[in-house]
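Fold and contact review
Residues per chain are reported as follows:
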Amino acid sequence: MSNIKELTEKVKKFRDERDWKQFHNPKDSSLSLVLEASEVMEHFQWKSPEEVDEYIKTNKDEIGAELADVLYWILLISNDLDINLSEAFDKKMKINAEKYPVEKVKGSHKKYNNYE
């Protein structure tokens, strides 16, 4: 499995070979991220849980392609903003662990400010 740095290099190479960096500012790149995420959601829109289960069985490649598009923009934005994604992820997971201590939230879907 590729690591984040290797994937980021692939994304940068793809973009730079096409001279697209000139179009990639934080606003437009983040809009592209949201648009790609919405394409993931389209696969599941208006389907019951049972329909979703069936749909996934025959559409994993298409769903995976959309998830890859989301990852593309995450990697590109983090690179362009000079954000170490691994460090940011680790930091956020520590924050989440504090917000959602296992002993208080296990098995609950409540937001962190509603479980006390």
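Look a little higher up for the structure.
Our subject in this report is the structure included herewith. This is a predicted model, so every value here is computed, not measured.

Criteria and thresholds
Residues numbered from 1 in each chain as written. Predicted model: local features only at pLDDT ≥ 70, side-chain atom pairs only at ≥ 80, totals over all residues. Heavy atoms only, no water. Salt bridge = Lys/Arg side-chain N within 4 Å of Asp/Glu carboxyl O. Helix = DSSP H or I, 4+ residues; strand = E, 2+ residues; numbered from the N terminus. Buried < 20%, exposed > 50% of the residue type's maximum accessible area, 1.4 Å probe, protein only. Phe/Tyr/Trp six-rings, centres within 6.5 Å; stacked < 30°, edge-to-face > 60°.

Let us look at the pattern of salt bridges. Summed over all chains, the structure comprises 8 salt bridges. Across the pair Arg15 and Asp80 runs a salt bridge, and its minimum N-O distance is 2.9 Å. Here Arg15 is found in helix H1 (residues 4–17), whereas its partner Asp80 is found in helix H3 (residues 49–80), with 65 residues between them in sequence. Assessed through its relative accessible area of 2%, Arg15 is described here as buried. Judged by relative accessible area, Asp80 falls into the partly exposed class, the value being 27%. Taken together, the shared-partner salt bridges connect Arg15, Asp16, Lys21 and Asp80 into one network.

Under the definition given, this model contains 3 aromatic pairs. Residues Phe14 and Tyr72 carry aromatic rings whose centres are separated by 6.2 Å and whose planes lie at 90° to one another, so their mutual orientation is edge-to-face. Of this pair, Phe14 sits in helix H1 while Tyr72 is found in helix H3, placing the two residues 58 residues apart along the sequence. By relative accessible area, Phe14 is classed as partly exposed at 35%.

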